[in-house]
Amino acid sequence: MKGTFPIEQFRQLKTPFYYYDTELLRQTLRVINAEAGKHEGFVVHYAIKANAHPKVLNVICQAGLGADCVSGGEIQRCIETGFAPSKIVYAGVGKSDWEINLGLDKNIFCFNVESVAELEVINELAEKKGKIARICLRINPDVGAHTHAKITTGLAENKFGIAMSDMEAAIERASQMPNIQFIGLHFHIGSQILNMDDFAALCNRINDLQTQLEKKHITIENINVGGGLGIDYHHPNRLPIADFKAYFDTYARFLKLRQGQKLHFELGRAVVAQMGTLIARTLYIKEGTAKKFLIVDAGMTDLIRPALYQAYHKIENISSEEPTETYDVVGPICESSDVFAKSTDVNKAHRGDLIAFRSAGAYGEIMASQYNCRELPKGYITEDL
Ligand SMILES: *Cc1c(COP(=O)(O)O)cnc(C)c1O
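Residues numbered from 1 in each chain as written. Predicted model: local features only at pLDDT ≥ 70, side-chain atom pairs only at ≥ 80, totals over all residues. Heavy atoms only, no water.

### Here we look at empty space enclosed by the protein
Item 1. A complete count under the given rule lists 1 cavity of 30 Å³ or more for this structure.
Item 2. Of the pockets and cavities examined, the largest cavity occupies roughly 50 Å³.
Item 3. Lining the largest cavity are 13 residues; nearest its centre among them are T28, P240, A270, V271 and Q274.
Item 4. The set of elements that each furnish at least two residues to the lining of the largest cavity consists of α2 (22-37) and α10 (269-272).
Item 5. Each residue belonging to the lining of the largest cavity can be placed in one class, and the counts come to 11 nonpolar, 2 polar and no charged. (1 Å grid on protein atoms, 1.4 Å probe; cavity = no way out; pocket = protein on both sides within 12 Å on 5 of 7 lines; lining within 4 Å. Points joined across faces, edges and corners; volume = space filled by probe spheres on them. Helix = DSSP H or I, 4+ residues; strand = E, 2+ residues; numbered from the N terminus. Nonpolar A, V, L, I, M, F, W, Y, C, P; charged D, E, K, R; others polar.)

Structure below.
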């Protein structure tokens, strides 16, 4: 089964481009709000690094989600879109002074702080402005996620967060700083996680940490568990909306929230991946000695995930119903890794056929580069066509 697309409109557009199905995005957001809304104290933020297209952000903002930023540029983009600063959280191991100052000037909800050194700088910069910075400490829970090695973040060997063994001392330091208000703990274990046991393991770890802190009479107002919920890249039509029910229910079941505590989520991929498609045109069919190459006008500069993480994207020839043939689907970039898929079955392709790379709404357009002096791909939402 293939996706349904406005092919006539697509034919008029310069390829490659991204297409964002806003109806699917709105449906996804309704499910997120409904499922999270069943649980007291759950607050959902959108991790804007997954897709920061202004029109996509606008739909997400309208749905009432908060924003999770990892740079000053993202904070700016969110504020331009209309996200309330009181709903913006900001994480990152390497925050520059201007980025911290921007967060302070805008009065964002919270800095997710990744080291004591950073804490000191935030305290100093806040003091200069006569402000109090609200902070959560990002703790590295040493919980492994069963996902690609390049996208785990919660192991002791990763660069993210503060080690659990340093947590109490860091909280104590934060509490002594006059321009810092400690408001909670932050975690994020990785991305494209489909096994709910990984999230349950994080919950168990957080329960232990809470018990440990309560013995020291330290109470936590906010727990932020990051994002990471995965999607089904193999079945974008059958399963266009991720299993948010299982996800939120797992946290409700395993995480022992205290009275009045807020539980924050930062979902990126699961919000936007399935509503996005990269559309390319077929340039040539090249008969190699052992293989047939389907050469398209999109490359790793437009969608880097296959080259970077050997990620899978379902590939469909949306211009052809002819019997399938087996191709290596490749781009025009001068890099051997510029391959979207090897030996994949696609309806027989001809020059000019439109090729869809599915589930490309997250970490697609936003990671595009101009390598080879290429133009950045444009992004269109349904209403643009
Ligand atoms: C990337 C990131 C997220 C979002 O991850 P997804 O896998 O896209 O849901 C959330 N929180 C932080 C801190 C991140 O760096």
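### Details of the environment of D249
Item 1. In this fold, D249 is placed in helix α9 (residues 244-254).
Item 2. Remark: the alpha-carbon pair of D249 and I279, spanning 30 residues in sequence, is separated by 36 Å.
Item 3. A distance of 2.7 Å separates polar atoms of two side chains, one belonging to D249 and the other to K245. (Polar contact = N/O pair within 3.5 Å; in protein donor to acceptor, adjacent residues only side chain to side chain.)

### Considerations on the environment of I315
Item 1. Mapped onto the elements of the fold, I315 is located in strand β13 (residues 315-317).
Item 2. According to the relative accessible area criterion, I315 is buried, its value standing at 9%.
Item 3. C-alpha of I315 to C-alpha of W98: the two residues are 217 residues apart in sequence and 42 Å apart in space.
Item 4. In this view, I315 contacts V329, F340, A341, T344, V346, I355, A356 and F357; residues no more than four positions away in its chain are not counted. (Buried < 20%, exposed > 50% of the residue type's maximum accessible area, 1.4 Å probe, protein only. Contact = heavy atoms within 4.5 Å.)

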